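Observations on the model geometry
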Amino acid sequence: MTGATGAVGSRVAKLLRAGGVHPRLVVRDLARVEPVAGFEAVAMGPRGYRDQTELTEALGGCDTLFLVSAREAADRVVEHAHAIRAAVDAGVTRIVYTSFLGADPDAVFTFGQDHYATEQLIRESGVAWTFLRDSFYLDFLPHMVGEDGVIRGPAGEGRCAWIARDDVAAAAAAVLQDGDGAHDGKVYDLTGPEAHTLAWAAEQLSTVTGREIRFRNETVQGAYESRAHIDAPDFEKDGWVTSYVAIGVGDMDVVSDAVESLTGTAPLGLEAWLAANPAAWAHLKV
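Attention in this report is confined to the structure presented alongside it.

Conventions we followed
- Residues numbered from 1 in each chain as written.
- Predicted model: local features only at pLDDT ≥ 70, side-chain atom pairs only at ≥ 80, totals over all residues.
- Heavy atoms only, no water.
- Pairing = 2+ DSSP bridges.
- Helix = DSSP H or I, 4+ residues; strand = E, 2+ residues; numbered from the N terminus.
- Axes fitted to C-alpha atoms, helices over the stretch in contact; angles between N-to-C directions.
- Buried < 20%, exposed > 50% of the residue type's maximum accessible area, 1.4 Å probe, protein only.
- Expected span 1.5 Å × (residues − 1).
- Contact = heavy atoms within 4.5 Å.

Points about the sheet that holds strand 5 (residues 128-134)
Ordered by their spatial adjacency, four strands build an open sheet running 3-4-5-8, and the pairing between neighbours is parallel. Across the chains shown, the open sheet's two edge strands, defined by having one partner strand only, are strand 3 (64-67) and strand 8 (186-190). Taking the axes of each pair of neighbouring strands and ignoring which way they run, one obtains an average angle of 15° across the sheet. Where strand 4 (residues 94-100) and strand 5 come together, seven bridges link them in parallel fashion. The residue of strand 5 that forms the bridge with Y97 is F131.

What follows is the structure, given as structure tokens:
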């Protein structure tokens, strides 16, 4: 599995170990393996997925690759293409990929286009596959709040069923532990239990933090203007703005029972997640 030192990957690794499965962790930096100590870990090379020869060697002898999508980048699909080719060359016969809800070549959320392109590369590779299409993560929400206590973006009255990373990890572990092909060719939408507006989310954050947090709708142009001062590449700003637009046009108004059907446990909603994760929103308190 890749991404094993990240927020989702490390959770999946621990769940697999608890279930008696001991994955090989393929990482960029062996020094960062401490969060999931006790596993076999190999380095893919300093250039990550682009070190295709080293990655192929690292995957040798594995039948399944849990491919955690690479960090957001202008050429992320190219990186994924190297990883997929390395997997095929290493003899991997199944790829489980962390994709995104509504992945499509015309997805409003620009990073959703990248995920669709990666899905197509995996389909064309000839290996068995399973795609886990995650909704937006719950822990993103507190970081949408500006210093003035405002969540601003062109989301309007659109709704989203945000999902906890723990639920994504549990679903992924369940799929990876089933080696009988039951999940081959399946696409699972992973969402929270209910879809709500950003205005509602702001109200829940206000309740737990003890300060007024509000949602302010923006035009698309206004969203770019309000973020113009941030030192970030254009592709990243496009992703930020279109994440709100995707909510606003209804692309994220999807509620799936996939988490519960895969794990036997219902996913957390925002209120339960806020209660269980006070450290995630402590920086917003008065």
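A look at the pairing of strand 1 (residues 24-27)
The two faces of strand 1 match: R24 and V26 on one face and L25 and V27 on the other face are all buried. In terms of strand pairing, strand 1 meets strand 2 (residues 40-43) through four bridges, oriented parallel. Looking across to strand 2, one finds that V27 is bridged to A43.

Some words on helix 1 (residues 7-18)
With twelve residues, helix 1 ought to run about 16 Å at 1.5 Å a step, and its terminal C-alpha atoms sit 17 Å apart, in line with that. Those residues of helix 1 that sit buried are V8, G9, S10, V12, A13 and L16. On its buried face, helix 1 is in contact with strand 1, strand 3 and helix 5 (165-177). Just downstream of helix 1, G20 is the residue with a positive phi angle, here 90°.

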